[in-house]
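# Examination of the molecular architecture
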Amino acid sequence: MIIKGMPVGPIQANCYVLGCEVTRKSAVIDPGDEAGRILGILDQEDLQLEYIINTHGHFDHVGANRAVKDATGAKLVAHQLDTPMLEHLSQAAAAWGMHAENSPKPDIYVEDGDTIMLGRIELKFLHTPGHSPGGISILSDGVVFVGDLLFAGSIGRTDFPGGDYDTLIRSVETKIFSLADNVQVLSGHGPATTVGREKRTNPFFR
């Protein structure tokens, strides 16, 4: 499995390119900005983009949805509860003094437990609300992409519309901390961590 991570945009949200080494089929998780840079990684690695996956609908994670989709024809994947945010990205970004294009509507809505195949790689979707109502995490081969649900030593904000602290804590405890301790956690901001490390040291769960 190929994983290329890069912080993009003014808020430095982590975008990930995930690819199958055998078939060269790939997905982009959270294309928040810098579409040209993302497309450059795909070209560099000789990857064919099949899916654009949004862990949640905040503009710093999805601002390049339209540009990447227009360039590749990839299918957009998200949870239905965050669709309203995708339709108002320009307004949300303007509130922070930034710019984002409104996203196309998702082609595929996923629910908890759904799976899709990326070449020979299985991606399993976990509904992990709390940071946003339609927040999802993506589990595959010893790694879980959690968006802004959980960070190394911290958790995502819950003061945005649709956020809820108790829901977020429950999502982490039931969906993420139930995974093996050695599963790598790739977050929407900041460095990678592991499930075991966060269970032992994250101050929000001690």
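Residues numbered from 1 in each chain as written. Predicted model: local features only at pLDDT ≥ 70, side-chain atom pairs only at ≥ 80, totals over all residues. Heavy atoms only, no water.

This part takes up the sheet that holds strand 2 (residues 13-19). Read across the sheet, six strands follow the order 1-2-3-4-5-6 without closing on themselves; strand pairing throughout is mixed. Here the strands that pair on one side only, and so sit at the sheet edges, are strand 1 (2-8) and strand 6 (108-109). Across four bridges, strand 2 lies against strand 3 (residues 25-29) in antiparallel orientation. By the bridge assignment, valine 17 is partnered in strand 3 with valine 28. Contacts from helix 3 (residues 65-72) reach strand 4 (48-53) and strand 5 (75-78), with the element oriented near 155° to strand 4. (Pairing = 2+ DSSP bridges. Helix = DSSP H or I, 4+ residues; strand = E, 2+ residues; numbered from the N terminus. Contact = heavy atoms within 4.5 Å. Axes fitted to C-alpha atoms, helices over the stretch in contact; angles between N-to-C directions.)

Bringing helix 1 (residues 35-44) into the picture now. Those residues of helix 1 lying buried are Ala35, Ile38, Ile41 and Leu42. Take helix 1 and look down its axis: the buried residues cluster within an arc of 125°, on one side only. Exposed and oriented more than 90 degrees from the buried face of helix 1 are Gly36, Asp43 and Gln44. Buried-residue contacts for helix 1 involve strand 1, strand 2, strand 3, strand 4 and helix 3. Residue aspartate 46 follows helix 1 closely and has a positive phi angle near 55°. (Buried < 20%, exposed > 50% of the residue type's maximum accessible area, 1.4 Å probe, protein only. Arc of directions from axis to C-beta.)

This part is about the pairing of strand 13 (residues 184-187). Inspection of the sheet shows strand 10 (residues 143-147) paired to strand 13 by four bridges, in the parallel sense. Looking across to strand 13, one finds that valine 143 is bridged to glutamine 184. Pairing geometry for strand 13 and strand 14 (residues 193-194), over two bridges, is antiparallel. Bridged to valine 185 within strand 14 is threonine 193. In sequence, strand 13 turns back onto strand 14 through a hairpin of five residues, with glycine 190 there showing a positive phi of about 85°.

Mapped onto the elements, glycine 9 comes out in the loop between strand 1 and strand 2. Here glycine 9 falls in the buried class, since its relative accessible area comes to 12%. C-alpha of glycine 9 to C-alpha of glycine 32: the two residues are 23 residues apart in sequence and 6.6 Å apart in space. Apart from residues no more than four positions distant in its own chain, glycine 9 is found in contact with Asp33 and Glu34.

This part takes up empty space enclosed by the protein. A probe matching the size of a water molecule, rolled over the atoms, marks out where space remains unfilled. Applying the stated criterion to the full structure yields one cavity of 30 Å³ or more. Estimated volume of the largest cavity: approximately 50 Å³. Taken together, Thr55, His56, Thr128, His131, Ser132, Gly135, Ile136, Val146, Asp148 and Leu149 make up the full set of residues lining the largest cavity. Looking at the lining of the largest cavity, its residues break down into three nonpolar, six polar and one charged. (1 Å grid on protein atoms, 1.4 Å probe; cavity = no way out; pocket = protein on both sides within 12 Å on 5 of 7 lines; lining within 4 Å. Points joined across faces, edges and corners; volume = space filled by probe spheres on them. Nonpolar A, V, L, I, M, F, W, Y, C, P; charged D, E, K, R; others polar.)

Further remarks concern unusual backbone geometry. Residues other than glycine seldom take positive phi values, yet arginine 24 does so here, at roughly 65°. Relative to the assigned elements, arginine 24 resides in the loop between strand 2 and strand 3. Among the residues examined, arginine 24 registers a relative accessible area of 26% and is labelled partly exposed.

What follows concerns the sheet that holds strand 7 (residues 115-118). Pairing is mixed across the open sheet formed by six strands, whose spatial order is 7-8-9-10-13-14. The outermost strands of the open sheet, each flanked by one partner alone, are strand 7 and strand 14. Lying over the sheet, helix 6 (residues 165-176) contacts strand 8 (121-127), strand 9 (136-140) and strand 10, oriented at roughly 145° with respect to strand 8.

Okay, the side chain of asparagine 202 next. When you line up the elements, asparagine 202 lands in the segment after helix 7 (195-201). By relative accessible area, asparagine 202 is classed as buried at 0%. At 2.9 Å, the side chain of asparagine 202 and the side chain of glutamate 198 are in polar contact. In this structure, asparagine 202 is in contact with Leu150, Phe151, Gly153, Ser154 and Arg197, ignoring residues within four places of it in sequence. (Polar contact = N/O pair within 3.5 Å; in protein donor to acceptor, adjacent residues only side chain to side chain.)

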